[in-house]
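Residues per chain, in single letters:
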Protein chains: 6
Amino acid sequence: MSFTPLGQGIPLIDQIADALCARAPYQVMTYDSPASSPMPSLEALGEVMSRLRAALFPGYFGNARIAASSLRYHLSASLDSLYRQLAEQIRRGICFTRAETSSACADCCDLAQEKALDFLAQLPAIRDLLAGDVKAAYEGDPAAKTPGETIFCYPSLVAMTNHRIAHALHALDVPLIPRIISEMAHSATGIDIHPGASIGPEFFIDHGTGVVIGETSVIGARCRVYQGVTLGALSFVADGSGVLVKGMPRHPILEDEVIVYAGATILGRVTIGGNSIIGGNVWLTRDVPRNSRIVQQQSVDSIVPSGKAAGDIMTGFGAGV
Amino acid sequence: MSFTPLGQGIPLIDQIADALCARAPYQVMTYDSPASSPMPSLEALGEVMSRLRAALFPGYFGNARIAASSLRYHLSASLDSLYRQLAEQIRRGICFTRAETSSACADCCDLAQEKALDFLAQLPAIRDLLAGDVKAAYEGDPAAKTPGETIFCYPSLVAMTNHRIAHALHALDVPLIPRIISEMAHSATGIDIHPGASIGPEFFIDHGTGVVIGETSVIGARCRVYQGVTLGALSFVADGSGVLVKGMPRHPILEDEVIVYAGATILGRVTIGGNSIIGGNVWLTRDVPRNSRIVQQQSVDSIVPSGKAAGDIMTGFGAGV
Amino acid sequence: MSFTPLGQGIPLIDQIADALCARAPYQVMTYDSPASSPMPSLEALGEVMSRLRAALFPGYFGNARIAASSLRYHLSASLDSLYRQLAEQIRRGICFTRAETSSACADCCDLAQEKALDFLAQLPAIRDLLAGDVKAAYEGDPAAKTPGETIFCYPSLVAMTNHRIAHALHALDVPLIPRIISEMAHSATGIDIHPGASIGPEFFIDHGTGVVIGETSVIGARCRVYQGVTLGALSFVADGSGVLVKGMPRHPILEDEVIVYAGATILGRVTIGGNSIIGGNVWLTRDVPRNSRIVQQQSVDSIVPSGKAAGDIMTGFGAGV
Amino acid sequence: MSFTPLGQGIPLIDQIADALCARAPYQVMTYDSPASSPMPSLEALGEVMSRLRAALFPGYFGNARIAASSLRYHLSASLDSLYRQLAEQIRRGICFTRAETSSACADCCDLAQEKALDFLAQLPAIRDLLAGDVKAAYEGDPAAKTPGETIFCYPSLVAMTNHRIAHALHALDVPLIPRIISEMAHSATGIDIHPGASIGPEFFIDHGTGVVIGETSVIGARCRVYQGVTLGALSFVADGSGVLVKGMPRHPILEDEVIVYAGATILGRVTIGGNSIIGGNVWLTRDVPRNSRIVQQQSVDSIVPSGKAAGDIMTGFGAGV
Amino acid sequence: MSFTPLGQGIPLIDQIADALCARAPYQVMTYDSPASSPMPSLEALGEVMSRLRAALFPGYFGNARIAASSLRYHLSASLDSLYRQLAEQIRRGICFTRAETSSACADCCDLAQEKALDFLAQLPAIRDLLAGDVKAAYEGDPAAKTPGETIFCYPSLVAMTNHRIAHALHALDVPLIPRIISEMAHSATGIDIHPGASIGPEFFIDHGTGVVIGETSVIGARCRVYQGVTLGALSFVADGSGVLVKGMPRHPILEDEVIVYAGATILGRVTIGGNSIIGGNVWLTRDVPRNSRIVQQQSVDSIVPSGKAAGDIMTGFGAGV
Amino acid sequence: MSFTPLGQGIPLIDQIADALCARAPYQVMTYDSPASSPMPSLEALGEVMSRLRAALFPGYFGNARIAASSLRYHLSASLDSLYRQLAEQIRRGICFTRAETSSACADCCDLAQEKALDFLAQLPAIRDLLAGDVKAAYEGDPAAKTPGETIFCYPSLVAMTNHRIAHALHALDVPLIPRIISEMAHSATGIDIHPGASIGPEFFIDHGTGVVIGETSVIGARCRVYQGVTLGALSFVADGSGVLVKGMPRHPILEDEVIVYAGATILGRVTIGGNSIIGGNVWLTRDVPRNSRIVQQQSVDSIVPSGKAAGDIMTGFGAGV
C-alpha cells in the first residue's frame, strides 16, 4: 500500500500547525511547565501503585516468587524506591498547582519529601483498614469462595486500595496526585470515590459499576453499597458573583452498618442513621433515623398484553439507543 | 512444575482445529481480508489518539519536556506522522466496509488520504471546542481546583476529546474508525457517546459512568449531564420485512443550557427546551418547554422498622447479586 | 531536581517495614504460596484470552496477516500453546484454592491438564454460540452497519466472549480463573456477568455499562438487555449461625425472547415469561407471564417554572456530586 | 536539573536543518524510497533469523516449552510466518537495489515470493549441513563437553548458521539481505564470512574473532580454521578506466581436511591441497600440495635482559596504544 | 504491498515441515528437554549479570538513583532475587548436561541452590579482585582519565567482570552457565577468555579485540596483555582411538608482572618468567626466563618503489578481501 | 520446579550484603553521585546515536516511512529533541568528571547546553565527511554493489559515523561521552578508534575486526586500512615518579592515500609518506618515504611432509586453544 506524497498538502500542514500555535485558546490548553517540572507521569504513578499493592498484599501482587522468608529484604528496598518515586510525583503535583496559581516553588522539593515520608508512615494503618475491607467483601458476597479471591479479583478491593491511599495523600494536602489515583480506579472499576470522602472500616462495594461517592461524604463502619449507588450533592452553593463555593459539606453521612442497595441515590448533607437499609433505586434527600428500612414505593407497573401485529413498526419501547 | 506430554491428546488438537476450520459459522466469524488490508490496528489508533491529545493539549500530554519555544517543530513533525498513520487506518476501515459489502476498492487509498487531510484541517476548530469543554468542567464542578486538573484527570475530557475527533471523522463518512475511537473512551470512562451525536460547545459530563448518548442526539451549547444519564431511542422503526431502518432521527434534542441530573432517562425524538433542568432519575418521553424544571415525583418511600430477628434468614432486600 | 538524602529517614523505613511484616493482619493479606505455585498470572491469562479471541474470530483478532489458506497451521500451533498456558494457570488456580482450604495438591497438575483439554474441546461449540451473539448484535442495533463491526467494536461481544469462555471453565469446576476472566470483561466494558450465569443463544447487550447478571441467573434464547440492567438477588439465605449459604438459586429466569430495557432491575428467583418486554427503569420482584409488557408507572413529574433569581444560591437540584 | 530555554538557539536549529536538507551530499546520503518500499527492517530480519534458528535447532532456541510431540504444529505455523516475513524483506531488498539502478519494480513482489519459497525448500539440506558443523565443533575442541553445548554457546555455530542461510539466499540472487545476515553474525562473533563463500560440510571455526573469508573462497569438507585467519585477495583487477572489476575469483581454495591455525593469512586464488596444515601466523600467497604442513620460519627472537633503571622513561615496547 | 496467497505452496510447507521432523539429523539438532528443564535463558542470565554488575559497581550500573544511604536495602533485595534466578539457571544447566549424558536428575534442584549460595558468598572476594583490575586499567592506559571511566567504558572491565564470575562458577563445577557468561563478554568485546583460565590480581587487557586465553592458562599478578594476544595450545592429546583427551594442561603460564604486546602468540604449556615483556607479534612456543624481553626479529622489509603505471591492473597487494 | 526456602541461608545474604558495603574497596567501586547527576545513560545515548544516524542518512535509518517532502519537519523536531537529550548526557559526563576530581559543578548545565549546540552546528560538516567515507567504501571494495549497501551494511560506516561524532565532541572537550560512543562502535564492529584520532576525508576500513587506532594518530585524505591493523604507541613516557604522562603524541601519522593491509602494525610517532602501501602483517616502527611499498620479508616457510601415523598423539601444531 502506498500513499502518494503530500505535495501541495504540505502548506496545509504548516497552516494547521500555525493555527494550533495561535495564542488564544492555546494558552488555556497548554501547560508551559518549568523545564524541571513536567506533569506527573501516569506511568510512574502506575508503578507506585503496583509497588504499594505488592507491599500491602504480598504474594498476591508484585513478584510472585518472593518467599515469605525474604519478604523483609524486598519490602525495605521497595519502600525506599517508593519514597523516591512518590516524592518526585508529589513534587510535580505541587509545582503544577503552584504554576496554575503563580505561587513560588522554592520549597517544593523539601515539601514533597516530607509528605511522601508522612504518607509511607501510614502504610501499616492503611493495611489494617484494607484487611477489614477484605473481610467485608468475603462476608458480604455469597459468591465469594475465599478471602483471597476478593483480594485478587474484586473491583471493590481495587477501588478501596486506591481510595485508602488517595485519601491519606489528600489528608496531607497533596494536590492532584490523589485525584489521579482515584481516576485510575474509576477507569478500571467504574467506581468513582472522591479522595476527600471519609470511609470507615470494613467497607464493601459489590459489582460497583456506576457508584459515585462525593467529596464530603462520611461513611461509618461496616457499611455496604451496591452498583449504581450515588452519594451526591443536592445543590451547590455559589457566592455573590455566582462562583461555586468549593469544599462545603454537601454529601450524605452514613452511620455505622448502613446498607445501600443498587441504584439508590442519596443526595445532600443528610444523615442515614446506623443499621439502616436503603432499598434499590430509592431516591432519598432527607435524614433517616437509626434502624430504618427504606424501600421504593411499589410502582404499579402496567402490564400491557403483547401483540406483535404484522404491520407494527414499533419494535421496542424503553431505552434502546 | 511439569506437564506430562499430550500423547493421545494430539489427535484431539487436530480434531478441534478441524472443527474450528469447518465452514458454516466459520465464514461469519472470519475476516478473510485482502492481504494488504487487515483490520484497523487498535495499537496504531491508540498512537494516533496519543498524538492528537498531545497536539491539542501540549504540555499536558505527549513529550512533557518539549518547551513552548520549540513546540512548533514537534507539532509539524507529529502532524505529518499523524497524517500518514491516520490515512492508513482510514484506508483499512474503508476496505473492511467494502469487503463486507463487496464493493470495489481501487480508490480506497486516495480517498483515505483525502479524508485524513480534511480531518486534520479541522483540528484547530476541535481545539477551540475542547477549550470550551475545559471551561465547562472547571466551572461546573465545585471539586475542581484548576482548569488544568480537568484536562489531566477528568473522564469528561477524555470522553469529549474522543467524541469531538470521532464526530469529525463520522461527518466525513469515515467508516468504522469513529466507532473504535468512541469505544476507546467508553471502555476507559464508562461514557458511551455515539460518534453521530451532535454536541454544542462547553459541554460537561460529571462522573460519567453509565452515560449513553445516542446516534441522532442533538445537544446545544453549555449543557451539562451527570452519571447514568441516557439520551436514548423510544422505539425503532422497521421496514415492511421487519428489518430495522438505520439512521432515522430517534434520540432527544437538548437546547442550550440544559442540565440533566444523574440517572435521568430521556427517550425518543423529544425536545428539551433551553435553560431547563431535568432532575435525577427522571424518566422523560415527551417535549419540555424552555425554562422548565422537571423533578421526579416524590416517591413515598415506606420506612420499615428494622428488626434483625435471630431466626431471620433474609439478610437483605434490594439488589444484592 | 534533587532530593536531599533520607538521612534519619532510614530508620523510618525500617520501622515501616517492620510494621508491615508484623503478623496479625499480615497473615490475612499475604499469600505465602508454595514456591512452585504463585498466583495466576494476569499477563498470561491476557495472552490466553488473546489467543482464544484470535482462534474464535480469525482475521479480526490476532495476527492480521494470516491468510485463510494457512489458518490451519497457526490454529494448531496456537491451540497447542493455549493448552499449555491455560493448564498452567488452571493449576495455579487449583493450588491457590487448596492452599486457602489446606487441601493436598498432589494431583493438581494432572487435574489442570485434564480440565484444559476438556475446555479446548468445547471451543467449536463456543464459537457457534458466539456466531449467534454476533447475529443478535447486528440485528438488534440500528446503528450497526455490518456484523463484522459488532465483532470488532461492540462491548457486548467482548463481554460475551469472556463469559462463554468463563462459563465453560466454571462448569468444569475450575476455580478462580473464570472469575478473573469475567472481571477482565467487567473492567473493559462495565458489564459484570458472573461466570455461573447460564445464557442461551443469540444474546445481545447494548451499551452495557452497569449491567449486572448474577451467579444463578438463567437466560433463554434470543434475549436482549440494555445498559444498567440488573438481574440480582432479592435476599440472601443465612444458616443458623448467620453465615451466608453460598450457591442457592437466587437470581431471575428469563425465558426466550425477553427484552429488558435500560436501568430495569429484576430481583429474586422470579421467572419472566417468554416474549415479554420489561420497560426501562422498571423495578420487578415477581413473576411475569408470557407475552407481557411491563412499563414503569408513568411518574407525574412536576414542572417547576425556572427562575434563576439574582440572589439564588442553589444552582442545581439533583445528583450533582 | 533544568536547561534554560533555547531562545535564540532556535534559529540555529533552523539553520542546521536547512543545511542538512541542502541537496549536494544530501542526495547521496538519502534513500528516497518509494513509499511502499522502505529499507529492509533489521528488526524483522532479526525475527526471521530467530525463527530459522528455532526451526533448525528445536529445543535449543525458540519457545523452550514446546514438547517434541507438538513440534510439528509449531514448525508449520512458523514456516508459514517465515515465508511471509522473509518474502517481504526480500522484496524490499530487490526494490532497493532496483531503485539504486533505476530498474522497474513491477514484478518485485512475485519474485520475492518465489525466492522465499525456493529458500525455505532448502532448509532441510541446510539443517543437514549444520548437523555436520555441530559434529565438527564438538570433535574439534577439547574444551567442548557435549555437542549441545556447541549449538548453544559457540560463535562458530552462530556464524555458520547465518552463513549457510545467507549463502543459500545469495545463490538465489537475493540482493542485500544475505549481506545483512552475514553482518549480523560478524557483529556478534567477529567472524566475517562473505555470503558468496562456498564452504563444505563439517566446518569449524574456533574462537573466531578476526576471521575473514572472502567472497570467492572455496572450502572443502572437514576443514577447520582458528581466530584471526584471513582468506583474502592478493590484488584487485581494474578495468581500463580504473574501476574495480567485481566478482572475479580472487580468494583461496582449501581442499578437504585443511586446518589453518590462528592468525594465518592466505591470499589470492591459490589452492591449499587436501589434508594440509597451515601453521599459526603463516603468510601464504602460493599453492600448497596435498598433505603439506606449512610452519612459520622459526623467528630468532632476541632476548633482551630486562633492567628497569630508575630514570628509564620507556615503560613498554610493542603495541601499546 | 500484497502477496498472492500461497495456494499450491501449502503442500510445500508441509513437505518442508515433514523433512525437518525426519529423525536422522533431527535428533542431534534437537534438545528434547524434560518439560520442567528448558535450556538456560539467555535473557534471565543477562538480568543476572546486570544485577551482579550493579552489586559490584553500585552507582555505575543498575538503578542510578539509589543513594548510598539506602544501598544496603537494595543490595539485600537484589542478592535474594539473584540467588533465586541464578539457582534456576544453574539447575537448567545441570539438567541439560545430565540429559546429554543420561544421568538422573533427582537432586538437581538442591545442588543448584547450594552452588548458587556458594557462589554468592564469593562476591566480596570477586569485588576485591575487580577493584584491582580497575586500578590496573587506570594505571596501564595513558588515555584513561579517571578510574571510574575504566569501570564504565573499558572492554577490559566487561571481560574481567564476566570472567571473574564465570571462573568462580566453573570452580564450583557448574556446567554450561560459565561458558555462556564468557561468550556474552566475547561477543561484546572480542575478548575470549575460557572460564577455566586462572588469572591473578590487577589484570588489564587493552583494546582486547581478538584476545584468546585458553582453558588451562595460568596468569600471575599484575600482568597486562594487548589486543590480538593468544595464549593457546600447541597440540592436542588424543587417546588410542583418536578421541581428544579433555582438560589436559596445555596452555601457557605467565608469572607475575608479565606484559604481552599486541598480536603476540604464546602456545603450549610454557612458562613465561616473571617481569618479562613479550613484544608485539612475537610467536613463542618455549619457556622464557624471568626478566626477559622478547622481541620479534626485525624483519627486513623490502621497500618497493611505487609506480602506478597507467596500464597497471594490480591495485593492491596484501590482504584485501 | 521449586526451591526449598532459604531458611538459614538468610543470615548468609545479610553477611554478603554487609561485606559488600564494607568501605575499603567499596569506595573505589562506587559512584556516589550527586542525586541529580547519575552516570550517563547508555540507553539515552543509544537513542541519541539513532537520531543522529537518522538525521545523517535519512531513509536508511530512522522512520523509514518519512517521505522526502516532509523530511524537513521531522529533522527540526529531531534536532530539538537531540539538543535536549545530548545536553543532558553531556552534563552528566561533566558532573562525573568533576566529582572524580572534586571540582565544583555550578555551571555544568550551561556548559553542557553550549557544547551540545556547538556540536549540532557541526552536523552538516560531519555529514559531508561521511559522504566521502561512503564513496571510499563503495570504490574500495569490489564486493560492494551500490553505495547505499555500504551505508546500510558496512561496519566501516558504523565505526566512522560514531568516530566522526565522537571526535567532534572530543574536540569540544566533552568528557566521557565521546569514549562511550567509540566503545559502542568497538563492541558492534571490533574496530577501536580513539575519539582523539584525527582522520581525513574518504577513509575506509574493510572488514575491520581488530583494527586499533590510537589517541594521537593522524590520518590524511583517502587512506584505507584492513582488518587487524594497529596504529599504536611504541612506548609510554613516565614522569619522575613513574606515572604515565597522558596525551603525548605517540601514534603514527599516515599522509594522504596510504593503504595499510590486514594485520599490519605501525607503532610510535612515525610518518608514513603519502601514496605508500604497507603490506599485510608488516611490523613497522620507523618513518617511510612517500610512494613506498613495504612488504613483509618473504618468510621461508618449511614444508613438512604430513604423515598421520596411527600412534601419533599430536593432532595439531599451531594455535588451537
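Each value, and the rule that gives it
- Residues numbered from 1 in each chain as written.
- Chains lettered and ligands numbered in written order.
- Predicted model: local features only at pLDDT ≥ 70, side-chain atom pairs only at ≥ 80, totals over all residues.
- Heavy atoms only, no water.
- Helix = DSSP H or I, 4+ residues; strand = E, 2+ residues; numbered from the N terminus.
- Buried < 20%, exposed > 50% of the residue type's maximum accessible area, 1.4 Å probe, protein only.
- Contact = heavy atoms within 4.5 Å.
- Areas by Shrake-Rupley, 256 points an atom, 1.4 Å probe, with all protein chains shown as cover.
- Pairing = 2+ DSSP bridges.
- Salt bridge = Lys/Arg side-chain N within 4 Å of Asp/Glu carboxyl O.
- Core = buried A, V, L, I, M, F, W, Y, C linked by side-chain atoms within 4.5 Å.
- Phe/Tyr/Trp six-rings, centres within 6.5 Å; stacked < 30°, edge-to-face > 60°.
- Axes fitted to C-alpha atoms, helices over the stretch in contact; angles between N-to-C directions.
- Parallel < 35°, antiparallel > 145°, perpendicular 65-115°, else oblique.
- Nonpolar A, V, L, I, M, F, W, Y, C, P; charged D, E, K, R; others polar.
- pLDDT = per-residue confidence, 0-100.
- Polar contact = N/O pair within 3.5 Å; in protein donor to acceptor, adjacent residues only side chain to side chain.
- Expected span 1.5 Å × (residues − 1).
- Lys, Arg positive; Asp, Glu negative; His and termini not counted.

1. With respect to the overall build of chain A
Phase 1: When you go through chain A residue by residue, the secondary structure sums to nine helices and 15 strands.
Phase 2: Evaluated residue by residue, chain A yields a buried proportion of 63% over its 321 residues.
Phase 3: Considering only contacts in chain A between residues 6 or more positions apart, those separated by 24 or more positions represent 47%.
Phase 4: For chain A, the exposed area adds up to about 10500 Å²; of that, 56% sits on carbon and sulfur atoms.

2. A closer look at the sheet that holds strand S1 (residues 192-193) of chain C
All names here are of chain C.
Phase 1: With parallel pairing, the five strands of this open sheet are ordered in space as S1-S4-S7-S10-S13. Both edges of this open sheet fall to S1 and strand S13 (283-284), since each of them pairs with a single strand only.
Phase 2: Relative to strand S4 (residues 212-213), S1 is paired through two bridges, and the arrangement is parallel. Considered in S4, the bridge of Asp192 is made with Val212.

3. Notes on the pairing of strand S14 (residues 292-295) of chain E
Residues and elements named next belong to chain E.
Phase 1: Because side chains alternate across S14, one face comprises the buried residues Ser292 and Ile294, and the other comprises Arg293 and Val295, equally buried.
Phase 2: Pairing of strand S12 (residues 277-278) with S14 involves two bridges; the strand directions are parallel. Residue pairing across strands places Ile277 opposite Arg293, the latter belonging to S14.

4. Overview of unusual backbone geometry
Phase 1: Within the chain, Glu257(A) stands out as a residue other than glycine whose phi angle is a positive 60 degrees.
Phase 2: Examined against the element boundaries, Glu257(A) turns out to sit in the loop between strand S8 (253-254) and strand S9 (259-260).
Phase 3: With relative accessibility at 33%, the residue Glu257(A) sits in the partly exposed group.
Phase 4: Its identity is not glycine, yet Glu202(C) carries a phi of approximately 55 degrees, on the positive side.
Phase 5: Checked against the element boundaries, Glu202(C) lands in the loop between strand S2 (198-199) and strand S3 (204-206).

5. Quick notes on the pattern of salt bridges
Pairing is possible between side chains of opposite charge, provided their charged atoms come close.
Phase 1: According to the stated counting rule, one finds 84 salt bridges over all chains in the structure shown.
Phase 2: Here Asp107(A) ties to Arg98(A) by a salt bridge, and the two come within 2.7 Å at their closest N and O atoms.
Phase 3: Owing to a relative accessible area of 36%, Asp107(A) belongs among the partly exposed residues under this scheme.
Phase 4: According to the relative accessible area criterion, Arg98(A) is buried, its value standing at 18%.
Phase 5: For Glu215(C), the salt bridge identified is with Arg250(C), shortest N-O distance 3.1 Å.

6. Overview of the nonpolar core
Phase 1: If you look at the biggest cluster of nonpolar residues, it comprises 515 residues, and the most contacted ones within it are Phe119(A), Phe119(B), Phe119(C), Phe119(D), Phe119(E) and Phe119(F).
Phase 2: In this structure, Phe119(E) is in contact with Leu52(E), Leu86(E), Ile126(E), Ile165(E), Ala168(E), Leu169(E) and Leu172(E), ignoring residues within four places of it in sequence.

7. Some details on the packing of aromatic side chains
Phase 1: Counting across every chain of the model gives 30 aromatic pairs over all chains.
Phase 2: Judged by centre distance (6.2 Å) and plane angle (80 degrees), the ring pair of Tyr60(E) and Phe96(F) falls under edge-to-face. Residue Tyr60(E) is located in the loop between helix H3 (42-56) and helix H4 (71-100), and its partner Phe96(F) is located in helix H4 (residues 71-101); the two belong to separate chains. Considered together, Tyr60(E) and Phe96(F) belong to a single accessibility category, that of buried residues.
Phase 3: These aromatic residues form a ring-pair network of at least three members: Phe57(A), Phe61(A) and Phe152(A).

8. Observations regarding the packing of helix H3 (residues 42-56) of chain A against helix H8 (residues 155-171) of chain A
All names here are of chain A.
Phase 1: Running from N to C, H3 and H8 point in directions that differ by 105 degrees, and their axes come no closer than 11 Å. Overall, the two elements H3 and H8 adopt an arrangement that is roughly perpendicular. Across from Met49, Leu52, Arg53 and Leu56 in H3, the residues of H8 making contact are Val158, Thr161, Asn162 and Ile165.
Phase 2: Residue classes in the contact of H3 with H8 are distributed as five nonpolar, two polar and one charged.

9. Observations concerning the packing of helix H8 (residues 155-171) of chain C against helix H9 (residues 177-189) of chain C
Residue and element names in this part refer to chain C.
Phase 1: Running from amino to carboxyl end, H8 crosses H9 at an angle of 170 degrees, the nearest separation of the two axes being 8 Å. The angle between H8 and H9 places the two elements in the roughly antiparallel class. Residues Pro155, Val158, Ala159, Asn162, Ile165, Ala166, Leu169 and His170 of H8 touch H9, and the partners they reach there are Ile177, Pro178, Ile181, Ser182, Met184, Ala185 and Thr189.
Phase 2: For the contact of H8 with H9, a count of residues per class yields 11 nonpolar, four polar and no charged.

10. Notes on the confidence of the model for chain A
All names here are of chain A.
Phase 1: When pLDDT is averaged along chain A, the result is 85, and 80% of the positions lie at 70 or above.
Phase 2: Note that pLDDT drops below 50 for residues 1-9; the model gives that stretch 23 contacts with residues more than four away or on any other chain.
Phase 3: Low pLDDT, under 50, characterises residues 305-321; the predicted model gives this stretch 60 contacts beyond four residues in sequence or across chains.
Phase 4: In the model output, the complex is listed with pTM 0.91 alongside ipTM 0.89.

11. Points about the sheet that holds S8(A)
All names here are of chain A.
Phase 1: The sheet built from four strands is open, its strands ordered S2-S5-S8-S11 with parallel pairing. Looking at strand neighbours, the two that pair on one side only are strand S2 (198-199) and strand S11 (271-272), the edges of this open sheet.
Phase 2: Two elements, strand S5 (residues 218-219) and S8, share two bridges in a ladder whose sense is parallel. Directly across from Val218, in S8, lies its bridge partner Ile253.

12. Some thoughts on the side chain of Ser276(D)
All names here are of chain D.
Phase 1: The topology assignment puts Ser276 in the loop between strand S11 (271-272) and strand S12 (277-278).
Phase 2: Within the structure, Ser276 has its side chain in polar contact with the backbone oxygen of Gly273 (distance 2.8 Å).
Phase 3: Polar side-chain contacts of Ser276 include one of 3.1 Å to the backbone oxygen of Pro289.

13. Some words on helix H6 (residues 123-140) of chain C
Phase 1: Along its 18 residues, H6(C) runs 25 Å from first to last C-alpha, staying within 8% of the 26 Å computed at 1.5 Å per residue.
Phase 2: Listed as buried for H6(C) are Leu123(C), Pro124(C), Ile126(C), Arg127(C), Leu130(C), Ala131(C), Gly132(C), Asp133(C), Val134(C), Ala136(C), Ala137(C) and Gly140(C).

14. Examining the environment of Leu42(B)
Phase 1: With respect to the helices, strands and loops of the structure, Leu42(B) is situated in helix H3 (residues 42-56).
Phase 2: Overall, the relative accessible area of 44% leaves Leu42(B) in the partly exposed class.
Phase 3: Residues Leu42(B) and Ile180(B) lie 138 residues apart in sequence; the distance between their C-alpha atoms is 8.1 Å.
Phase 4: With sequence-adjacent residues up to four places away left out, Leu42(B) is seen in contact with Ile180(B), Met184(B) and Phe152(C).

15. Some points on helix H5 (residues 108-120) of chain C
Phase 1: Helix length check: H5(C), at 13 residues, gives a terminal C-alpha distance of 18 Å against a target of 18 Å (1.5 Å per residue), a fit within 8%.
Phase 2: Restricting attention to buried positions, one finds in H5(C) the residues Cys108(C), Cys109(C), Ala112(C), Gln113(C), Lys115(C), Ala116(C), Leu117(C), Phe119(C) and Leu120(C).

16. Notes on the environment of Pro289(A)
Residues and elements named next belong to chain A.
Phase 1: Mapped onto the elements, Pro289 comes out in the loop between strand S13 (283-284) and strand S14 (292-295).
Phase 2: A C-alpha to C-alpha distance of 8.1 Å links Pro289 and Thr271, two positions 18 residues apart in sequence.
Phase 3: If near-sequence neighbours (up to four positions away) are discounted, Pro289 is found in contact with Gly273 and Ser276.

17. Concerning the side chain of Arg53(F)
Residues and elements named next belong to chain F.
Phase 1: Relative to the helices and strands, Arg53 is located in helix H3 (residues 42-56).
Phase 2: Despite its burial, Arg53 pairs with no opposite charge, the nearest such side chain being Asp133 at 11 Å.
Phase 3: Polar contacts involving the side chain of Arg53 include one to the side chain of Asn162, which spans 2.8 Å.
Phase 4: Sequence-distant contacts of Arg53, defined by excluding residues within four places in its chain, comprise Phe61, Val158, Thr161 and Asn162.

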